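# A structural walkthrough
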Amino acid sequence: MSKAGGDEGRGAGGSGGEKARRPEDETPEGKVPGKPSAATTGPGWTKVSCPCCMLERVEPLVLVKLGEKVRPETKRWLIRLIGTSQKDGGAGLLAHPGEDAGGDLIVVSAPRCTLLRATEELGLCKRYGSGDMEAFSYHDRHNFKDSDNMEVFLTLAERHYIVKYELDGLRAQRDLRVPGLSDSCTLQNRNNIWQKLGSAGVIIDTFPLHNPEQLKDLSQAWYTGNQLVQPLDSVNSYFGSSVAFYFSFLDFYTWSLLPPAILGLTITYFSGEVQKEMVESDSGSQVTDEGDDSTASGLMVQAVFSMLWSTVFMEMWKRRSSSLSYRWGTLHLAERFAEPRPGFHGDLGVNPVTGRVEPLFPDWQRDLRIALVSLPVVGLFLGLVVLGMLCFYWAEAQVQQLNRDWDSMLSQTLLYVPSVLHIVYTNMLGTAYKKAAQKLTEYENHREESSFQKHLTSKVLVFTFFNYFAVLFHIAFFKQDVPLLRKRLASLLIVTQLLNQVTEVVIPFLVDRFISAPHRAESEDDPEEDKFRKQSTLPVFPGLFAEYIELLVQFGYLSLFSCVYPLTAVLLLINNVTEIRSDAYKICQLFRKPFSPPVACMGVWQVAFEVLSFVSVVSNCWLLLLSPRLQQLLQEGGLSTTNILLLAVLVEHLLILVKLVMSVLIPDEPDWIRRKREHIEFSSMEALKQQKLQSDE
């Protein structure tokens, strides 16, 4: 961002900022416009100097909520800062003080030039005059379709994010005392202004405003009817590409469960051995083994199919992901040396790479914090996982003994109690760990937001894999108890999904319906500012972290262990059909509208799914060896235990080779997307050459 650069002569609160006019003092106060799409530039809005940004209508985009004790002079200074041009160190946005000049709200919008410049900085692609998607260039803006109409050219989510992008990038260019605040809240040179004001209690909240008409249309097309196809383009337009990619993946994954679900039902119906083991795991009693060669072949088919299905699924998803990225204009996001994230802190100095004055934090200190604090805490939580697993085994042995002594319906029911209690324990432990991981990653003090998210996600993924799968692997490969593994997997699939539906949808719905909604009741005659204020009473959207974790765990159950419980895909399919609608309802009605940065794919989550797909080969091969019937067939064929192990290793390596060959044969992106991407890169390079030539002249 230009305002966060190294031009020391200008800056927020610097000489340019001090001399900036006070537009809110030059215009009379006025009411916030009645509709977000029909706001006027009339009284109250800060003025713009660029003629092309003079609009008849201003669209309120973001609401800034101030602290109760913020003084009027502080609010006026903040409005000036927001409205000051970027070359003078401001955000280059539009600000409105609300109906009450001394109130606690500021409504923010963005002029055309600021939106267009940020579009180029973010590396978004837009439709060119020729009809193709091209990386947007501000100097060539007149040749892009609808570049004069921001409500068509940029999606609502993009406009919201650009406002946040500009506000978060505000940095003080010199030491500055904020009017109305004590000397302890003085802004130091290169301080992140928005974060500093948040810490001082000046800014309580910043969130994007819902557009009621668009939200109503989206809800009707998304979850209120009987539609089987999600309106992904509308989701991307309203909530942004990061949300749209999640729902696109959920949709693609859900319908991809149909083949393994059909296969699982077929194997369960025709396999007498599977039915026998299910009865054994339910009742705890032994059923006579009549022997069924179709059982072994059915389990082998299920295992091989799971391994191949997971590979094909991920490769086809990558192709779909690249197509969506092109369609949504995020195929060529800018790769630049990122600004320090708002939470980054350190001693002020000159960055040796960019030459900018900014906070610096030595890498060795960060590595020391990771080694001496983060790793031990993560290890402690993993130890708690092991402790829970040991308690589960102890309780499992106790109820098994109780069932043998009593042999009643009650004792058979108690067989599931240890599994249910352990599932509740792991979920509670997982919730506590997520909060600890967030605190640890903040303590590590990563400079870039991408690095912060990478370390946070890595912590959570390690714990999630250990927390959810350690018991299953121990049962499978150490205890070698297939009935217990099947019972445990069934409990996980049923209980966890029920808990997720209750905690994620039912409870928030009840709280919203009977506690929060009555306080948000509004009529068409209510002032627009009151409607904006009521949006602030909605809880903050918690993000998609938990949703991706849920899908990752599902995928692990299916790809790693479905050969011992063929109905896994059936249960997941039933759950996910309702999950799509419940997640859509939740994000539309139960939470504030989130800021959504443009993304080109699922990021690190896609790598996590691919790792599980690879691990599934090893898991399924060795799970097949646990089948007593298969072992009997191999021994009857004259194979010794050593030869059986060697055969398993051979088959494992052969299937890994098949997966690698399939991943190579299926390109990550269609040929037409590859050609489009290369054309965009070439056009961007040519545009840079032209700009350089013009600047030299």
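Below you will find a few notes about this structure. None of these values were measured; they are calculated from a predicted model. (Residues numbered from 1 in each chain as written. Predicted model: local features only at pLDDT ≥ 70, side-chain atom pairs only at ≥ 80, totals over all residues. Heavy atoms only, no water.)

### Describing helix H17 (residues 449-479)
Here H17 contains 31 residues, and its C-alpha end-to-end distance of 43 Å stays within 8% of the 45 Å for a straight helix at 1.5 Å per residue. Taken as a whole, H17 carries its principal kink of about 50 degrees at Phe469. After H17 finishes, the residue Gln480 shows a positive phi value of roughly 50 degrees. (Helix = DSSP H or I, 4+ residues; strand = E, 2+ residues; numbered from the N terminus. Expected span 1.5 Å × (residues − 1). Bend = angle between axes of the 7 residues up to and from the residue.)

### A short note on helix H8 (residues 212-222)
Along H8, the residues that are buried comprise Leu215, Leu218, Ser219 and Trp222. Along the axis of H8, the buried positions cluster into a sector of 100 degrees, meaning they face one direction only. Summarising the geometry of H8, the exposed residues directed more than 90 degrees from the buried face are Lys216 and Asp217. (Buried < 20%, exposed > 50% of the residue type's maximum accessible area, 1.4 Å probe, protein only. Arc of directions from axis to C-beta.)

### Focus: the packing of helix H4 (residues 112-122) against helix H6 (residues 156-168)
In the contact formed by H4 and H6, the axes pass within 10 Å of each other and the chain directions differ by 85 degrees. Put simply, H4 runs roughly perpendicular to H6. For the pair H4 and H6, the contacting residues are Thr114, Leu115, Ala118, Thr119, Glu121 and Leu122 in the first and Arg159, Tyr161, Ile162, Tyr165 and Glu166 in the second. Considered class by class, the residues forming the contact of H4 with H6 number 6 nonpolar, 2 polar and 3 charged. (Axes fitted to C-alpha atoms, helices over the stretch in contact; angles between N-to-C directions. Parallel < 35°, antiparallel > 145°, perpendicular 65-115°, else oblique. Contact = heavy atoms within 4.5 Å. Nonpolar A, V, L, I, M, F, W, Y, C, P; charged D, E, K, R; others polar.)

### What about the sheet that holds strand S6 (residues 203-208)?
Strands sit in the order S2-S3-S1-S6 across an open sheet of 4 strands; the sheet is antiparallel. Pairing within the sheet leaves two strands with one partner each, and these edge strands are strand S2 (94-96) and S6. Neighbour to neighbour, the strand axes of the sheet diverge by 20 degrees on average, direction disregarded. Two elements, strand S1 (residues 62-66) and S6, share 5 bridges in a ladder whose sense is antiparallel. (Pairing = 2+ DSSP bridges.)

### So, the side chain of Asp104
Mapped onto the secondary structure, Asp104 falls in the loop between S2 and strand S3 (105-109). On the basis of relative accessible area, Asp104 is assigned to the buried category, the value being 18%. A polar atom in the side chain of Asp104 sits 3.0 Å from the side chain of Arg533. (Polar contact = N/O pair within 3.5 Å; in protein donor to acceptor, adjacent residues only side chain to side chain.)

### Focus: the pairing of S3
In terms of burial, S3 is a largely internal element, 5 of the 5 residues being buried. Taking every second residue as pointing to the same face, both faces of S3 are buried, with Leu105, Val107 and Ser109 on one and Ile106 and Val108 on the other. Relative to S3, S1 runs antiparallel, the two being bridged by 4 bridges. Note that in S3 the partner of Lys65 across the bridge is Leu105. Here S2 runs beside S3; their pairing, made up of 3 bridges, is antiparallel. Looking across to S3, one finds that Ala95 is bridged to Val108.

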